[in-house]
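Architecture and fold: a report
One-letter residues, chain by chain:
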Amino acid sequence: MAGKAEKGNATALLFIRGFLILLLNAIFYVVIVLGAVEVCQLSYSFANEVFGDVVAEPPPGRNQTFVVAEADDAMTIARNLEKEGIVPNAYSFYIRLRLSQSSKSIIVAGSYELNTSMTYKEILEKIVKGVSG
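A brief structural summary. Computed from a predicted model, the values in this text were never measured in an experiment.

**A few points about unusual backbone geometry**
With an omega dihedral of 10 degrees, the bond running from Pro-59 to Pro-60 counts as a cis peptide bond. By secondary structure assignment, the location of Pro-60 is in the loop between helix 1 (2-51) and strand 1 (63-68).

**Structural notes on a nonpolar patch on the surface**
A surface patch of nonpolar side chains, about 810 Å² in accessible area, is lined by Phe-15, Ile-16, Phe-19, Leu-20, Leu-23, Leu-24, Ile-27 and Val-31. Looking at Phe-15, the relative accessible area reads 62%, which means it is exposed.

**Points about the pattern of salt bridges**
Here the structure, examined in full by the defined rule, presents one salt bridge. The closest approach of N and O atoms between Arg-62 and Glu-57, which form a salt bridge, is 3.0 Å. The exposure class assigned to Arg-62 is partly exposed, which follows from its relative accessible area of 37%.

**Considerations on helix 3 (residues 90-100)**
Among all positions of helix 3, only Ala-90, Ser-92, Phe-93, Arg-96 and Leu-97 are buried. The buried residues of helix 3 occupy one face: seen down the axis, they fall within an arc of 165 degrees. The residue sitting at the N-terminus of helix 3 and contributing the capping side-chain oxygen is Asn-89; that oxygen lies 2.8 Å from the backbone nitrogen of Tyr-91.

Analysis parameters
- Residues numbered from 1 in each chain as written.
- Predicted model: local features only at pLDDT ≥ 70, side-chain atom pairs only at ≥ 80, totals over all residues.
- Heavy atoms only, no water.
- Helix = DSSP H or I, 4+ residues; strand = E, 2+ residues; numbered from the N terminus.
- Patch = residues over 30% accessible without salt bridge, like charges linked within 9 Å, V, L, I, M, F, W, Y side chains within 5 Å.
- Areas by Shrake-Rupley, 256 points an atom, 1.4 Å probe, with all protein chains shown as cover.
- Salt bridge = Lys/Arg side-chain N within 4 Å of Asp/Glu carboxyl O.
- Buried < 20%, exposed > 50% of the residue type's maximum accessible area, 1.4 Å probe, protein only.
- Arc of directions from axis to C-beta.
- Polar contact = N/O pair within 3.5 Å; in protein donor to acceptor, adjacent residues only side chain to side chain.

What follows is the structure in structure tokens.
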């Protein structure tokens, strides 16, 4: 009789062990899939900010004077634009700026009248000038 009870307990333990392994595997794969979906959504959103027509505020927006100093590099300009509320994301603007610049264009220091409803392209058209040569 004791042998049957031990065999029953061993079978129950094997069943519970198998069930727990299956449950942990299912949880693991659900976490992986949900993580992959989240990464894809973030990547799409960021790419849309870089290449799409995003604005900080819907039209009509508000006008702001923005100053580009001689010593400002591209990342500093992008951070300042985000801080002023002219662009929604400094990093996506920085990448768009770097992609739009060529060897024949420069960021010109000065004071610019920008609007919070301007797209990245419109902002770049104001602060980046072509160099003849």
